[in-house]
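The primary structure of each chain is shown beneath.
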Amino acid sequence: MCLAVPIKVVELLDGQMAIGEQLGVQVEFSTALLEAVTVGDYVLVHTGIAIETLDEADAQETLSIWNELNSGSAG
């Protein structure tokens, strides 16, 4: 099973790299597979590579479910 996590882009770096933030944690990842990424975008990141851009509503819904699962209150 693979897991891709929505991350908000907070900084673009040289070499098709970016820094993103999710749940207060910053991570560096590659944006090489996406055509255009801007600060403020939400992207799905899997194993250090952004694989898809999400709209904010979809990202927030996914993060809400993720938070429920992490807190043990789902189901």
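Our structure is the block above this text.
Residue numbers run consecutively from 1 along every chain, following the written order of its sequence. Where local features are concerned, this predicted model is filtered to residues with pLDDT of at least 70; where side-chain atom pairs are given and counted, the filter is 80 or more; whole-chain, interface and lining totals use all residues. As a rule here, side-chain values cover all heavy atoms of the structure and leave hydrogens and water aside.

1. So, the pairing of strand β5 (residues 49-54)
- Note on pairing: DSSP must find at least two bridges between two strands before they are called paired. Helix and strand labels come from DSSP, where a helix needs a run of H or I of at least four residues and a strand needs a run of E of at least two; each type is numbered from the N terminus. When strand β4 (residues 42-46) meets β5, the two strands line up antiparallel, connected through 5 bridges. Directly across from Leu 44, in β5, lies its bridge partner Glu 52.
- With antiparallel pairing between neighbouring strands as the criterion, β4 and β5 make up a hairpin whose turn holds 2 residues, including Thr 47 at a positive phi of roughly 50°.

2. Digging into the nonpolar core
- Within the largest apolar cluster, 10 residues are counted, these being Val 5, Ile 7, Val 9, Ala 18, Phe 29, Leu 34, Val 37, Val 43, Val 45 and Ala 50.
- Sorting the residues of this core by element identifies β1 (5-13) and β4 as the ones contributing at least two each.
- The biggest single contributor to this core is β1, with 3 residues.
- Residues are treated as being in contact if the distance between any of their heavy atoms lies within 4.5 Å. In contact with Ala 50, other than residues within four places in its own chain, are Phe 29, Ser 30, Thr 31, Leu 33, Leu 34, Val 43, Leu 44 and Val 45.
- Residues belong to one nonpolar core when they are buried, are Ala, Val, Leu, Ile, Met, Phe, Trp, Tyr or Cys, and are joined through side-chain atoms within 4.5 Å. Burial here depends on accessible area, computed with a 1.4 Å probe over protein chains only, as a share of the maximum for the residue type. Under 20% is buried, over 50% is exposed, and the range in between is partly exposed. Tyr 42, Leu 44, Leu 54 and Leu 63 belong to the second largest nonpolar core, which has 5 residues in total.

3. Considering a nonpolar patch on the surface
- Among the surface-exposed residues, Leu 33, Ile 49 and Ile 51 lie close enough to one another that they form a single nonpolar patch of about 270 Å² accessible area.
- Checked against the element boundaries, Ile 49 lands in strand β5. Patch membership needs two things, relative accessible area over 30% and no salt bridge, and members are linked within 9 Å if like-charged or within 5 Å if nonpolar (Val, Leu, Ile, Met, Phe, Trp, Tyr). Note on areas: Shrake-Rupley with a 1.4 Å probe; residue coverage comes only from the protein chains shown. In what follows, salt bridge is the name for a side-chain nitrogen of Lys or Arg lying within 4 Å of a carboxyl oxygen of Asp or Glu.

4. Points about helix α1 (residues 56-71)
- Every helix has an expected span of 1.5 Å times one less than the residues it contains. Taking 1.5 Å of rise per residue, 16 residues should cover 22 Å, and α1 covers 22 Å from first to last C-alpha, within 8% of that figure.
- Its side-chain oxygen 3.2 Å from the backbone nitrogen of Ala 57, Asp 55 forms the N-cap of α1.
- One or two positions beyond α1, positive phi appears at Gly 72, with a value near 80°. Within 3.5 Å is the distance limit for a polar contact, defined as a pair of N or O atoms, with the added protein rule that one can donate a hydrogen and the other accept it, and that residues adjacent in sequence qualify only through two side-chain atoms.

5. As for a negative patch on the surface
- Only four residue types enter the tally: Lys and Arg on the positive side, Asp and Glu on the negative side; His and the chain ends are excluded. Just so you know, the charge point we use is NZ for Lys, CZ for Arg, CG for Asp and CD for Glu. Together, Glu 52, Asp 55, Glu 56, Asp 58 and Glu 61 give the surface a local cluster of negative charge.
- Top element by residues in the negative patch is α1. It accounts for 3 residues.
- With respect to the helices, strands and loops of the structure, Glu 61 is situated in helix α1.

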